[in-house]
Amino acid sequence: MAVPKIFESEYRFCEILWENEPVSSSELVRLCNEKLEWKKSTTYTVIRRLSERGVLKSENAIVTSLVSKEDVQSAESTEVIEKTFSGSLPSFVAAFTRKKKLTQKEIEEIMQIIEIHKE
């Protein structure tokens, strides 16, 4: 199943959901007002839209996600690499590291990922 597209403001909402789920819709309204400065109507509109797209479900005023943060991140990064780097992960890494110096810890983590995928 393809992960539905989640736009930037929706992603910020999803981060709140992922941190607090399962969560009541009234609590989401409070959290979104506090963290995103959203009005009640905005939060309910986003809940409805994401529910229609299969990102979350709202039953009996309890909201839970249907897609994980990791799945969304993976889909988004794949889209960026496909669109911007013609699908080339090495080109993406090269571009990324031109502007950001990797720490030793980051290098070690990346090397571990590579080792896992060699098998």
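Just above sits the structure.
Chemist: If you had to explain the packing of aromatic side chains to someone new, which residues and values would you point to?
Modeler: Going through the model one piece at a time under the given rule, you end up with four aromatic pairs. On the numbers, 6.1 Å between centres and 5° between planes, the contact of Phe13 with Trp38 is stacked. With a gap of 25 residues between them, Phe13 in helix α1 (residues 8-20) and Trp38 in the loop between α2 (25-36) and α3 (40-52) connect regions that are remote in the sequence. The same class applies to Phe13 as to Trp38, namely buried.

Chemist: Explain the environment of Thr64 to me, and be specific about the residues and the numbers.
Modeler: Relative to the helices and strands, Thr64 resides in strand β3 (residues 62-65). The exposure class of Thr64 is buried, given its relative accessible area of 18%. The contact partners of Thr64, leaving out residues within four places of it in the chain, are Leu17, Glu21, Pro22, Leu56 and Lys57.

Chemist: Report on the state of the cysteines, specifying residues and quantitative values.
Modeler: Scanning the entire structure with this criterion turns up zero disulfides. Of all cysteine sulfurs in the structure, the one in Cys32 sits closest to Cys14, which takes part in no disulfide; the separation is 9.7 Å. Here Cys32 falls in the buried class, since its relative accessible area comes to 0%.

Chemist: Tell me about the pattern of salt bridges, and name the residues and values.
Modeler: Per the stated rule, a full pass over the model turns up 12 salt bridges. Note that Glu76 and Lys5 form a salt bridge whose closest N and O atoms lie 3.3 Å from each other. Of this pair, Glu76 sits in helix α4 (residues 69-85) while Lys5 sits in the segment before α1, placing them 71 residues apart in sequence. By relative accessible area, which is 24% here, Glu76 ends up partly exposed. Note that Lys57 and Glu59 form a salt bridge whose closest N and O atoms lie 4.0 Å from each other. Look at Lys57 and you get partly exposed, because its relative accessible area is 36%. The exposure class of Glu59 is partly exposed, given its relative accessible area of 48%. Residues joined in a network through salt bridges with shared partners are Lys5, Glu76 and Glu79.

Rules used in this analysis
Residues numbered from 1 in each chain as written. Predicted model: local features only at pLDDT ≥ 70, side-chain atom pairs only at ≥ 80, totals over all residues. Heavy atoms only, no water. Phe/Tyr/Trp six-rings, centres within 6.5 Å; stacked < 30°, edge-to-face > 60°. Helix = DSSP H or I, 4+ residues; strand = E, 2+ residues; numbered from the N terminus. Buried < 20%, exposed > 50% of the residue type's maximum accessible area, 1.4 Å probe, protein only. Contact = heavy atoms within 4.5 Å. Disulfide = S-S within 2.5 Å. Salt bridge = Lys/Arg side-chain N within 4 Å of Asp/Glu carboxyl O.

The values reported here are purely geometric and, on their own, carry no functional implication.
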